[in-house]
Every structure is written in structure tokens, then in C-alpha cells.
Amino acid sequence: MAEEEEDNPQARRSLQELVDQLYHFRDHYFESHSVEDAGKKQQDVREEMEKTLKAMEAIEGLPQGQANTLMLKGKALNVSPDYSAQAEELLSKAVKLDPELVEAWNQLGEVYWKKGDISAAHTCFSGALSHCKNKVSLQNLSMVLRQLRTSSADEHAQNVMDSVRQAKLAVQMDVRDGRSWYVLGNAYLSLFFNSGQNPKISQQALSAYAQAEKVDPTASCNPDLHLNRATLYKYEENYPAALEGFARAGALDPAWPEPRQREQHLVDFLERLTGLLENKGKVKGKKLQSMLGSLRPSQLGPCGDGRYQGPSGQKVELEQRPLNTLRAGVNAGTVVLGKVLFSLTTEEKVPFTFGLTDSAEGSVFAVTVYNMAQSWGVLIGDAVAVPEPHLRHHHVQHQGKSFAFSSIRVETPLLLVVNGKVQGSQSQAAATVAYQAQSE
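Worth saying up front: this structure is predicted, and the values here are computed from it rather than measured.

Calculation criteria
- Residues numbered from 1 in each chain as written.
- Predicted model: local features only at pLDDT ≥ 70, side-chain atom pairs only at ≥ 80, totals over all residues.
- Heavy atoms only, no water.
- Helix = DSSP H or I, 4+ residues; strand = E, 2+ residues; numbered from the N terminus.
- Buried < 20%, exposed > 50% of the residue type's maximum accessible area, 1.4 Å probe, protein only.
- Areas by Shrake-Rupley, 256 points an atom, 1.4 Å probe, with all protein chains shown as cover.
- Salt bridge = Lys/Arg side-chain N within 4 Å of Asp/Glu carboxyl O.
- Pairing = 2+ DSSP bridges.
- Expected span 1.5 Å × (residues − 1).
- Arc of directions from axis to C-beta.
- Contact = heavy atoms within 4.5 Å.
- Phe/Tyr/Trp six-rings, centres within 6.5 Å; stacked < 30°, edge-to-face > 60°.
- Core = buried A, V, L, I, M, F, W, Y, C linked by side-chain atoms within 4.5 Å.

## So, the overall build of the chain
Secondary structure assignment for the chain yields 15 helices and 10 strands. Based on the C-alpha atoms only, the size of the chain along its principal axes is roughly 90 × 45 × 30 Å. Burial status across the chain gives 52% buried among its 440 residues. Of the roughly 20,800 Å² that the chain leaves accessible, carbon and sulfur atoms contribute 49%.

Next up, the structure:
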């Protein structure tokens, strides 16, 4: 049953203003502070919270036991990114006193999210929507749907699709809300990695992140947005944008180690890769000549006898060409054949990267293979044919370091022919993604 009218409307307004000012301080922190102050933000917010709580206690005539009062006190305690047992207690009392108080349900759901009780958070946001359709519940429901434990991959895929739907509904309710666009970007990011990496979905995620920044200046100060977008850029091999995003996320939240770790891992990968490409995987001249001398047309497999099927399913005649004659972009109607000089894996396992050459005097090209099973790989000396290779020239500059190299991107090992043999379906696995949602 809903609570009675407030006895003291002025006290209620004063309470609401204090909580609004607290959240404005948190959400607009970088409008009054420089990025160099990022390491102090959490402490400054905690101090502001303590001041707010004292000011709330000083308001005269405040009805202490009413649902709205309990909700606002719980909301003030919930401004911190950490779980608060006191906030949970106050907000639980608020929803018992007034089950239709939607903001209390939303705040309680966020408390459970911070506590790690995703199922309880889901119940709160769903319950809030049963009382009143609102963008905050839709945003939060989109967030928790992707984190719910499921009994099957199909069930998780359905949750991800539902997550996108809820985020779209939130955007439709208020197209000027940056948080809705940010949550939609994360939903698309999850869908991208759960549905075969469709480039269209990748662009939808990037567009949603860009829209979040366009409509809400505070979105550009969200470290999670920068890290998640950088994750997508890295997968797309847009290394300059990925490094910039990881660095920006780290600067905005110095206490959060993951952005700087991801940035350093990518720099290390580029350093190791360019070093191996330059010294041809440390393969000596005579051994290299011997390896290249064993290349045979039969090692092209179906790419050399007219049996190769293109993406459309039709058979395509491929012309073998030297690696150094490839053009940037997709080289349709072409196949290259070379020897593996080295392989390189990262902590994230994706992509599997190896060096390929077909000439002792020519350059070594990086080949990056995605969606491969963990057990799949190639060995030094293997002959690998790449049909219709997608070539890209990389020029990366980051914090005083420069990396320049050429790579061929392969979306699945099923496209490759290794030592004359096509790769079986067991060589393929879907990519997984590590993305963050700590402040959605």
C-alpha cells in the first residue's frame, strides 16, 4: 500500500535537492576537476556523501520512517561504486512500505548488482517495470540480462537478444539520455561476440557509443565506455584507436588496473610481432631457402584445382600470386602460398598470429586468424595457402613508439589450407570477449 502524503513537503524537497546535488557532483566530476584528479574521485565522492548524509540528518521535520525518506537515504549511500549493507537495509524497508516506489526498486537492484546477486537485481528491475515503464529500469535490466547465469548457450543468446531490446526501449523513451546509448552500445558489443561477429553489429555498437558522447558530455568521462570500445577496436585491428581507448580509460580511473594492463599487453604484442617480422622469426638464410624450396602447387589443395568455394558458395578459380603483389583490401580471385616462420599467441588467445613468407628476399606478412579452437594452430615450416587474402597495412604510433607492418586477416581457420589439407570444423570456435560493465 502506498505511503500517505508527506507531512512536510519542504523537508522532502530539501532532502531530494541534497541527493540530486550529490549525484551531480559524482556524474559531472570532471567538469570541475582535471583528469589528473581522477585518482581522487572516489575519495572525493565518499567525502561528499558523508557531508550529504549529515545535512540530511539536520533537516527539521523530516518524517524518518516514510518510504521516500528511506529511499533517498539509501540512494545517497548507493552513490559509491561499492556495496553498502546499510543502503540495502534502507531500500528494502522502503519497497516494503511502498511497493510502487519505482526509484527504490531501481536503487535496490543496483545494490544487489554491486553485491553480486544478479538474480535479485533482475527481480528488482523487472518488478519496477511492472509498476511503471521507465528508462532506468530498462537500462539496468539490459545490463543484468547479459550477466544472468544460464543453463545453455541458447538461453544466454536469448538473454543477449533481450538485452538489446531493453536497451532500445530505454533509448526510445529518451533519445537524449547518454547512459541509455552507452548501455545499448554494450548490448550490441555482447551481441557481436555472441552471433558470429557480424560487421553490421560492430558498427551499431560503435555508433551507440558515439551517440552517448554526442548527447551527454559526461559519457566521454566514462572509463568503461572507452575500455569496451577499445576492445572492439582491437578485435577490428584498429590498433591506434584501441591503444588510445585503453589509455583514456586508465587515465579516467587510475585505481582500475585492467585498462593499463590491456594497453600494455597490446603494446607488447605489437613489439614482439614487429620484431619477429623484421628478423624473419630468427630463421637463418639456409634453413629459409630450404623451407621455401619445398613449396609445391599441391599444397594449395582445393585453392589450386578449381574446387575452392567463395563466401557465396560458388566455386571460384583462384590465381596464385606472390605475397608482395597483394593490394590493400580483399584480393578477390587470388591465393597466396607461403611458409610459416613463427607463431605468436597472447594471453587472450585471440587472434592466433603467425608469420608467412614466400620469398627469401621478400617481406614477412603477419597472418591473424580469428574464431579458432584453442587446440588449433600451425607449426614453423608448415605450408599455408590463404584464398582471397584481406591485406592491411598498419602504421601505429603510441607514446613515443612506432610500429609498421602488413597483415592478412582470416576470419576462421576453415578458410585456410595447411600442408594441402582443408581445416575441419573442429578447428573453429566462437570468439569470446572480456568487456567491463562496472559503472553501467
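## Some remarks on the pattern of salt bridges
Evaluation of the coordinates by the stated rule reveals 16 salt bridges. In this structure, the salt-bridge partner of K73 is E57, at a minimum N-O distance of 3.2 Å. Here the residue K73 occupies a position in helix α4 (residues 67-77), and E57 occupies one in helix α3 (residues 41-57), the gap between them amounting to 16 residues. Note that R229 and E213 form a salt bridge whose closest N and O atoms lie 3.0 Å from each other. Here R229, found in helix α12 (residues 223-235), pairs with E213, found in helix α11 (residues 199-215); they are 16 residues apart in sequence, far enough to count as distant. A cluster of three or more residues bridged by salt bridges with shared partners is formed by K135, D174 and D177.

## Quick word on the pairing of strand β8 (residues 401-410)
For β8, the buried fraction is high: 7 of the 10 residues fall into the buried class. A loop of 2 residues connects strand β7 (residues 390-398) with β8, the two strands running antiparallel in sequence, and Q399 in this loop sits at a positive phi of about 50°.

## Let's talk about helix α10 (residues 178-194)
Over its 17 residues, α10 runs 24 Å from end to end, which matches the ideal 24 Å to within 8%, given 1.5 Å per residue. The element α10 is largely enclosed, with a buried count of 15 among its 17 residues. Remark: G196 follows α10 within two positions and exhibits a positive phi of approximately 80°.

## What about helix α9 (residues 153-173)?
Given a rise of 1.5 Å per residue, 21 residues ought to cover 30 Å, and the 31 Å separating the end C-alpha atoms of α9 matches this to within 8%. Turning to α9, its buried residues are N159, V160, S163, V164, Q166, A167, A170 and V171. Along the long axis of α9, the arc covered by the buried residues comes to 165°, so they all point the same way. Of the exposed residues in α9, the ones pointing more than 90 degrees away from its buried face are D154, Q158 and Q172. Buried residues along α9 sit against α8 (135-145) and α10.

## A closer look at the packing of aromatic side chains
In this description, a pair of aromatic rings is defined by centroid distance and the angle of the planes. Tallied over the full model, the rule gives 10 aromatic pairs. On the numbers, 5.4 Å between centres and 90° between planes, the contact of Y29 with F30 is edge-to-face. Each member of the pair, Y29 together with F30, is buried. Ring centres 4.9 Å apart and planes at 65° place the aromatic pair Y235 and Y370 in the edge-to-face group.

## What to know about the environment of N68
With respect to the helices and strands, N68 occurs in helix α4. N68 sits 327 residues away from H395 along the chain, and the two C-alpha atoms are 57 Å apart.

## Considerations on the nonpolar core
Ranked by size, the top nonpolar core spans 47 residues in total, and within it L184, F354, L356, V378, V384, V386 and I408 carry the most contacts. Take this core: its biggest share by element is 10 residues, from α10. Residues in contact with I408, not counting those within four places in the same chain, are L323, L326, A366, V367, T368, V386, P389, H390 and L391. Formed by 43 residues, the second largest nonpolar core is a distinct cluster that contains V79, Y112, A120 and F125.

## So, the pairing of strand β3 (residues 334-344)
Extensive coverage of β3 is indicated by the burial of 10 of its 11 residues. Relative to β3, strand β1 (residues 319-320) runs parallel, the two sharing 2 bridges. Within β3, the residue paired with E319 across the bridge is T334. As judged from the 5 bridges shared by β3 and strand β6 (residues 383-387), these two strands associate in the antiparallel manner. Bridged to V336 within β6 is V386.

## Structural notes on the side chain of K234
Within the fold, K234 resides in helix α12. The exposure class assigned to K234 is buried, which follows from its relative accessible area of 17%. Once residues within four sequence positions are removed from consideration, K234 is found in contact with Y239, A242, F246, L266, E348, V350 and Y370.

Everything listed is a geometric property; what it means functionally is a separate question.
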